[in-house]
Amino acid sequence: MKTILITGATAGIGDAAARRFASGGWRVVGTGRRGDRLRALAEELGEAFLPLVVDMRDVAAVEGLARLNGPWGDIDLLLNNAGLAPPTDPLPTTDWQRLEDVIETNVTGLVALTRALLPTLTERRGAIINLSSVAATYPYKGGAVYGGTKAFVRQFSLDLRSDLHGTGVRVTSIEPGMAETEFTIVRTGGDEEASRKLYAGMAPMTAEDIAETIWWVATLPPHLNINALEIMPTSQSFAGFQVHREA
Ligand code: 8X3
């Protein structure tokens, strides 16, 4: 039986991945900040699920995840899913705390956990799947800090592959576009109407779509490594550059 550790298992892609891997016969360690959500998931998934309340901004607690007892500590796959976005307001007027939370969660916590788990993952010839975003590659207004953190996640994944050369450990950066999860509600500070409008009439991806992609990547034969994978809903694509002209 294999074991996956999923950060941010309380909602969206993390929650869907916990369900997908549990139904595929894996043992799932799920972390998150909201204990009630984790407990509800534990009730549904039963013995296959270990809920652990951990805030990714707490580096000591994150490092403690590398010292789990028994089979729960035999982690074969680290899914670095926890992440959030600040508002798309102009940078000078965005609250510093919101920006710092994003950087600490998306970057610092992810690096701390990956670093702490590398000895186990190397010993078990395991894998790391990091949730980046299309925002890593395609800039948009108001996305500087979010896109910056996700570009970090993408490049961190690729560079880590070099470090792990010859170990058999696989590393993948998954880069989704618009998926209807709590992402936009969190980004806008709880504005459900803004979230509804953003996804209205455009068939966004679902958390389950991404969870299925993660499952596919994780269950490929061990001689195959997906380096990076961009995925968007068909109804999302790219717009051009903007040009400022003097009147
Ligand atoms: C978020 C992707 O396209 O909603 O990671 O900005 S998008």
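As shown above, the structure is provided for reference.
These lines cover the structure that appears in this document, whether it is placed above or below. (Residues numbered from 1 in each chain as written. Predicted model: local features only at pLDDT ≥ 70, side-chain atom pairs only at ≥ 80, totals over all residues. Heavy atoms only, no water.)

**Comments concerning the pattern of salt bridges**
No. 1: Inspection of the entire model under this criterion finds 12 salt bridges.
No. 2: A salt bridge links Arg115 to Glu63, with the nearest nitrogen and oxygen atoms 3.8 Å apart. Remark: Glu63 occurs in helix α3 (residues 59–64) and Arg115 occurs in helix α4 (residues 96–123); sequence separation between them is 52 residues.
No. 3: The class for Glu63 is partly exposed, based on a relative accessible area of 28%.
No. 4: Here Arg154 makes a salt bridge to Glu175, at a shortest N to O gap of 3.0 Å. In this pair, Arg154 is assigned in helix α5 (residues 144–163) and Glu175 in strand β6 (residues 170–176), connecting sequence segments 21 residues apart.
No. 5: A relative accessible area of 1% means that Glu175 is categorised as buried.
No. 6: Beyond isolated ion pairs, a larger network of salt bridges with shared partners links Asp15, Arg19 and Glu44. (Salt bridge = Lys/Arg side-chain N within 4 Å of Asp/Glu carboxyl O. Helix = DSSP H or I, 4+ residues; strand = E, 2+ residues; numbered from the N terminus. Buried < 20%, exposed > 50% of the residue type's maximum accessible area, 1.4 Å probe, protein only.)

**Structural notes on the sheet that holds strand β5 (residues 127–131)**
No. 1: Across the sheet, 7 strands lie side by side as β3-β2-β1-β4-β5-β6-β7; this open sheet has parallel pairing. The open sheet has two edge strands with one neighbour each: β3 (49–53) and β7 (228–231). Neighbouring strand axes in the sheet, compared pairwise and without regard to direction, differ in orientation by 15° on average.
No. 2: Where β5 lies against β6, 5 bridges are found, and the strand directions are parallel. (Pairing = 2+ DSSP bridges. Axes fitted to C-alpha atoms, helices over the stretch in contact; angles between N-to-C directions.)

**Let's talk about the packing of helix α1 (residues 12–23) against helix α2 (residues 35–45)**
Each packed pair of helices is defined by two parameters, the angle between the axes and the distance between the axes.
No. 1: In contact at an axis separation of 11 Å, α1 and α2 are set at 20° when each is read in the N-to-C sense. Taken together, the axis directions place α1 and α2 in an arrangement best described as roughly parallel. In this structure, α1 meets α2 at a crossing whose hand is right-handed. Judged by residue contacts, Asp15, Ala18, Arg19 and Ala22 of α1 engage Leu41, Glu44 and Leu45 from α2.
No. 2: Among the residues forming the contact of α1 with α2, the class breakdown is 4 nonpolar, no polar and 3 charged. (Parallel < 35°, antiparallel > 145°, perpendicular 65-115°, else oblique. Left-handed = near helix turned anticlockwise from the far one by under 90°. Contact = heavy atoms within 4.5 Å. Nonpolar A, V, L, I, M, F, W, Y, C, P; charged D, E, K, R; others polar.)

**Focus: the side chain of Arg187**
No. 1: One can find Arg187 in helix α6 (residues 183–187).
No. 2: An unpaired buried charge is present at Arg187: no salt bridge exists, and Asp89, the closest side chain of opposite charge, is 8.8 Å distant.
No. 3: Only 2.9 Å separates the side chain of Arg187 from the backbone oxygen of Pro86, close enough to count as a polar contact.
No. 4: Setting aside residues no more than four positions away along its own chain, Arg187 makes contact with Ala85, Pro86, Pro87, Thr88, Arg98, Tyr140, Gly142, Gly143 and Tyr146. (Lys, Arg positive; Asp, Glu negative; His and termini not counted. Polar contact = N/O pair within 3.5 Å; in protein donor to acceptor, adjacent residues only side chain to side chain.)

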